[in-house]
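Structural overview
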Amino acid sequence: MSDFLNALVLLANFVIIPALSYGAQLALGALGVTLVYGVLRFSNFAHGDTMAFGAMATILATWWLQSKGIGIAPLPTALLGLPFGIAAAAVLCVVVDKTVYRYYRLNKSPPVVFVIASVGVMFMINGIVRFIIGPNDQQFADGERFIIRARDFKQMSGLSEGLSIKASQGLTIVVAILLVIALFWFLQKTRTGKAMRAFSDNEDLALLSGINPERVVMVTWILAAALATIAGTLYGLDKSFKPFTYFQLLLPIFAAAIVGGLGQPVGAIVGGFVIAFSEVMITYAYKKFLIYLLPEQWQPQGLMQLLSTDYKFAVSFIILVVVLLVRPTGIFGGRAG
């Protein structure tokens with residue numbers, strides 16, 4: 001029985017909890033992508049670097065607060081810096097929309113033009129972030145590091161495997177749950193949220209109903225900026241902040257949005273966890289886990305790892321290709337084009 005419990009703790013420590021945390025981060029990122037796609041009808045390739053920009057602004061605000069001795073221990077000071085990061089990212093997104101996307105929107109340009117423009121915006125934001133904060137890893141976490149420490153868990157349970165839960169992982173999951181509840185309440189219950197849904201479903205009918213399209217567009221960008229900043233900051237707290245990492249995150253985020261169904265908020269959440277668990281489970285080495293469960297003569301000699309962690313993002317790419325070939329509209333039947 002103890003071997004089974006040790007195997008379960010091992011799996012929770014290296015697969016379940018990291019995948020839940022990573023999945024929550026991808027889900028928040030994919031929500032921003034699917035929100036822009038649902039309302040503005042194009043795939044925003046600058047979303048990953050918007051995450052980096054919002055996280056960078058949060059980090060700068062966090063460093064300033066830390067220098068003044070302001071904090072909320074045991075929670076990270078970055079939570080106090082988040083409003084500054086969200087505001088900076090929202091201003092960036094609204095300014096970019098007014099100066100770039102609005103021109104193409106007024107000229108009724110096809111979606112591919114918006115996509116190409118977003119690629120240009122992506123490189124611009126990436127350059128700004130690197131210029132301001134640099135290309136290297138930036139550490140900004142403070143407060144309590146762990147909710148449960150492996151050594152304490154071993155002493156408490158008597159097991160040989162220790163369960164370790166980082167504060168950033170617990171914070172990510174809690175914040176993601178609260179944010180998703182708030183977002184769905186906003187979309188379902190508020191007048192602006194209903195206007196956004198109506199605009200997404202039928203733009204012409206929404207305009208005939210007296211809905212202000214510029215207001216809908218602005219609110220969409222503000223929400224996307226907030227989701228991007230929070231997702232980027234939580235990812236930075238959990239791992240570390242490095243600008244190029246957020247460019248790489250664009251693949252799993254888009255994979256999550258497409259797997260769930262572009263334009264479907266619920267699909268973005270489900271897709272985020274599908275991608276996260278797939279990446280973590282396929283790249284995890286199951287040797288020690290199987291040693292706990294199998295008789296000695298059946299115990300593996302190799303790592304029992306399907307793919308190296310170096311190929312983690314390849315998992316997202318494979319899933320993305322399979323979904324596009326088999327079910328382009330995703331699990332929840334989003335818009336295919």
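Described below are features of the structure shown in this document.

The helix and strand inventory of the chain stands at 14 helices and two strands. Expected size for 337 residues packed as a compact globule is a radius of gyration near 20 Å; at 21 Å, the chain falls within 12% of this value. Its C-alpha atoms give the chain principal-axis dimensions of roughly 70 × 55 × 40 Å. Expressed as a percentage of the 337 residues in the chain, the buried residues total 50%. Long-range contacts, defined here as pairs at least 24 residues apart, represent 75% of the contacts in the chain between residues at least 6 apart. Accessible surface for the chain amounts to roughly 16200 Å². Of this, 67% is attributable to carbon and sulfur atoms. Each charge class in the chain can be summarised by its mean position, and for the 24 positive and 16 negative side chains these summaries are 7 Å apart.

Here the focus is the environment of Ser67. Mapped onto the elements of the fold, Ser67 is located in helix H2 (residues 47-67). Relative accessible area serves as the criterion here: at 56%, Ser67 is assigned to the exposed category. A distance of 2.6 Å separates the side chain of Ser67 from the backbone oxygen of Trp64, its partner in a polar contact.

With that settled, the discussion passes to the layout of surface pockets. Size it by volume and the largest pocket reaches roughly 400 Å³. Around the largest pocket, the lining comprises 16 residues; the ones closest to its centre are Arg105, Lys108, Phe114, Phe199 and Glu203. Taken together, the elements giving at least two residues each to the lining of the largest pocket come down to helix H1 (2-40), helix H3 (78-106), helix H4 (111-133), helix H8 (203-208) and helix H9 (213-238). Partitioned by chemical class, the residues of the lining of the largest pocket number 10 nonpolar, one polar and five charged.

Next up on the list: the environment of Phe140. In this structure, Phe140 sits in the loop between H4 and strand E1 (146-148). Sequence separation between Phe140 and Gln188 is 48 residues, and the spatial gap between their C-alpha atoms is 36 Å. When residues no more than four places from it in sequence are discounted, the contact partners of Phe140 are Ile59, Thr62, Trp63, Gln66, Ala78, Thr233, Gly236, Leu237 and Phe241.

Following the criterion strictly, the structure yields 14 aromatic pairs and no others. Measuring from centroid to centroid gives 4.9 Å for Phe45 and Phe254, while their planes differ by 25°, and the two rings are stacked. Taken as a pair, Phe45 in the loop between H1 and H2 and Phe254 in helix H11 (residues 250-260) lie far apart in primary sequence, 209 residues in all. Taking relative accessible area as the criterion, Phe45 reaches 30% and is therefore assigned partly exposed. Given a relative accessible area of 8%, Phe254 falls into the buried group.

Next up on the list: the packing of helix H12 (residues 265-283) against helix H14 (residues 312-326). One way to put it is that H12 packs onto H14 with a least axis distance of 9 Å and a crossing angle of 130°. Classed by the angle they form, the pair H12 and H14 counts as oblique. The way H12 lies across H14 gives a crossing that is right-handed. For the pair H12 and H14, contact is made by Ile275, Ser278, Glu279, Ile282 and Thr283 and by Lys312, Phe313, Val315, Ser316 and Ile319, respectively. Grouping the constituent residues of the contact of H12 with H14 by class yields five nonpolar, three polar and two charged.

On the surface, a nonpolar cluster with roughly 590 Å² of combined accessible area is contributed by Phe317, Ile318, Val321, Val322, Leu325 and Val326. Here Val322 shows up in helix H14.

Proteins that are soluble and globular tend to have nonpolar side chains buried together. Formed by 83 residues in total, the largest nonpolar core has its most connected members in Leu28, Met196 and Phe241. When sequence neighbours within four positions are dropped, the list of residues in contact with Met196 reads Leu35, Val39, Phe186, Leu187, Val216, Val219, Thr220 and Leu223. By size, the runner-up hydrophobic cluster in this structure holds 11 residues, among which are Ala7, Leu10, Val280 and Leu290.

Evaluation of the coordinates by the stated rule reveals three cavities of 30 Å³ or more. What the largest cavity holds in volume is close to 50 Å³. Lining the largest cavity we find Asn44, Ala46, Thr50, Leu92, Cys93, Val96, Tyr101, Val121, Ile125 and Trp221. Those elements that place two or more of their residues in the lining of the largest cavity are H3 and H4. The element contributing the most residues to the lining of the largest cavity is H3, with four residues.

Along the chain, Ala73 connects to Pro74 via a cis peptide bond; the corresponding omega equals 10°. On the secondary structure map, Pro74 appears in the loop between H2 and H3. Not every positive phi belongs to a glycine, and Arg41 is a case in point at roughly 70°. Mapped onto the elements of the fold, Arg41 is located in the loop between H1 and H2.

Cut-offs applied
Residues numbered from 1 in each chain as written. Predicted model: local features only at pLDDT ≥ 70, side-chain atom pairs only at ≥ 80, totals over all residues. Heavy atoms only, no water. Helix = DSSP H or I, 4+ residues; strand = E, 2+ residues; numbered from the N terminus. Rg over C-alpha atoms; globule rule 2.2 N^0.38 Å. Buried < 20%, exposed > 50% of the residue type's maximum accessible area, 1.4 Å probe, protein only. Contact = heavy atoms within 4.5 Å. Areas by Shrake-Rupley, 256 points an atom, 1.4 Å probe, with all protein chains shown as cover. Lys, Arg positive; Asp, Glu negative; His and termini not counted. Charge placed at Lys NZ, Arg CZ, Asp CG, Glu CD. Polar contact = N/O pair within 3.5 Å; in protein donor to acceptor, adjacent residues only side chain to side chain. 1 Å grid on protein atoms, 1.4 Å probe; cavity = no way out; pocket = protein on both sides within 12 Å on 5 of 7 lines; lining within 4 Å. Points joined across faces, edges and corners; volume = space filled by probe spheres on them. Nonpolar A, V, L, I, M, F, W, Y, C, P; charged D, E, K, R; others polar. Phe/Tyr/Trp six-rings, centres within 6.5 Å; stacked < 30°, edge-to-face > 60°. Axes fitted to C-alpha atoms, helices over the stretch in contact; angles between N-to-C directions. Parallel < 35°, antiparallel > 145°, perpendicular 65-115°, else oblique. Left-handed = near helix turned anticlockwise from the far one by under 90°. Patch = residues over 30% accessible without salt bridge, like charges linked within 9 Å, V, L, I, M, F, W, Y side chains within 5 Å. Salt bridge = Lys/Arg side-chain N within 4 Å of Asp/Glu carboxyl O. Core = buried A, V, L, I, M, F, W, Y, C linked by side-chain atoms within 4.5 Å.

That is the geometry; function is a separate question.
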